[in-house]
Amino acid sequence: MDNEIQVPINSDQDIVIARQKGRLLAAALGFSSVDATLMATAISELARNILTYAKSGEIRLTAINGSARRGIRLVARDQGPGINDIQQALRDGFSTSGSLGLGLPGVRRLVDEFEIVSEKNRGTTVTAQKWKP
Amino acid sequence: MEVPILKQGDFLIATIQAALADADLLHLRAALLQQVVRFRSRGVIVDVTSLDVMDSFASRTLREIAQMIRLRGAETVIVGIQPEVAFAMVQLGLKLEHVATALDLEEGLAHLKRKSESPA
């Protein structure tokens, strides 16, 4: 599949690059302006988490061009400290609103499917999918 | 990418561009505060019409800018939040509490003029 985009996340500039690539991909797949913005915002937050908690990692975007449906798979991967308590991290209000913190419940609301795998001292992988309605 | 700040009478107008990284936002925060002091400005407008993503860092920095400027006795208005951006912000759970917002530059200026004529 040639429609895979990989963006290394090592600085705040990389967050901008990742979300711009996400928006372009969403536009190419025919996402609405609202859905493209939701996707770009999700990418921004997940890339920010990588930078804040793991210092570096990568964002991978894949166009899913199936016969039944089209969408984007977003994978945010790092080899950082991992999330201690995923259930707690997914609870609203765990991170103080709009400030620093994982903000994962918010990101989950921006996409259609959302999954986290995290292992202590091995890293975290967040996989999110958004379908074109 | 540096954010241009324009002085118009008692007010300052900062126009944010789309590809704004965290460092640029922090730079804007410092530059605005410095210029509010220097020009004894009564109000600041931050125009985010071109901003295509408002994430947690951007909204937190805008809140901080408004709070700092309020401590100087001046008022901040955020103008031009795009409808898609507003939608994403609400979904993400971001709030711009205690920060004035207006539809566009014109309404933002009108808000600041009202405020500076009749201080609460």
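The structure we're discussing is the one just above.
Everything numeric in this text was worked out from a predicted model, so none of it was measured. Residue indices follow the written sequence of each chain, beginning from 1 at its first position. Labels are handed out in written order, letters beginning with A for the chains and numbers beginning with 1 for the ligands. Under the rules for a predicted model, residues below a pLDDT of 70 receive no local features and side-chain atom pairs below 80 are neither given nor counted, while totals for whole chains, interfaces and linings still include all residues.

1. Looking at the overall build of chain B
Okay, step 1: Helices and strands together make up the secondary structure of chain B, namely four helices and five strands.
Okay, step 2: For the radius of gyration, the atoms used are the C-alpha atoms, and the globule rule reads 2.2 Å times the number of residues raised to 0.38. In summary, chain B has a C-alpha radius of gyration of 13 Å against a globular reference of 14 Å for 120 residues, a match within 12%.
Okay, step 3: Overall size of chain B, expressed as C-alpha extent along the three principal axes, is 35 × 25 × 20 Å.
Okay, step 4: To assign burial, the other C-beta atoms lying within 10 Å of each residue's own C-beta are counted, with C-beta atoms placed from the backbone; 20 or more indicates buried, 12 or fewer indicates exposed, and intermediate counts indicate partly exposed. Counting only residues that meet the buried cut, chain B has 37% of its 120 residues in that class. Numbering of helices and strands runs from the N terminus, with a helix taken as a DSSP run of H or I at least four residues long and a strand as a DSSP run of E at least two residues long.

2. Remarks on helix α1 (residues 12-28) of chain A
All names here are of chain A.
Okay, step 1: With 17 residues, α1 should reach 24 Å at 1.5 Å per residue; the first-to-last C-alpha distance of 25 Å fits that figure.
Okay, step 2: Within α1 the residues assigned to the buried category are Asp14, Ile15, Val16, Ala18, Arg19, Gly22, Arg23, Leu25 and Ala26.
Okay, step 3: Just downstream of α1, Gly30 is the residue with a positive phi angle, here 85 degrees. The span expected for a helix works out to 1.5 Å for each residue beyond the first.

3. Quick word on the packing of α1 of chain A against helix α2 (residues 33-54) of chain A
Residue and element names in this part refer to chain A.
Okay, step 1: For helices, the fitted line uses only the C-alpha atoms of the stretch in contact; every axis is such a line through C-alpha atoms, and the angle between N-to-C directions lies from 0 to 180 degrees. Across the interface, α1 lies against α2 with an axial gap of 8 Å and an inter-helix angle of 155 degrees. One way to sum up the angle between α1 and α2 is to call them roughly antiparallel. Between α1 and α2 lies a crossing whose hand is right-handed. On the side of α1, the interface is formed by Asp12, Asp14, Ile15, Ala18, Arg19, Gly22, Arg23, Ala26 and Ala27, while α2 contributes Asp35, Ala36, Met39, Ala40, Ile43, Ser44, Ala47, Arg48 and Leu51.
Okay, step 2: Under the grouping applied here, Gly and all other residues not named as nonpolar or charged are polar, the nonpolar ones being Ala, Val, Leu, Ile, Met, Phe, Trp, Tyr, Cys and Pro and the charged ones Asp, Glu, Lys and Arg. Classifying every residue of the contact of α1 with α2 by side-chain character gives ten nonpolar, two polar and six charged. For classification purposes, angles smaller than 35 degrees are called roughly parallel, those larger than 145 roughly antiparallel, those between 65 and 115 roughly perpendicular, and all remaining angles oblique. Left-handed describes a crossing whose near helix is turned anticlockwise from the far helix through less than a right angle; right-handed describes the clockwise counterpart. Any residue pair is listed as a contact if its two C-beta atoms, each placed from the backbone, are within 7 Å.

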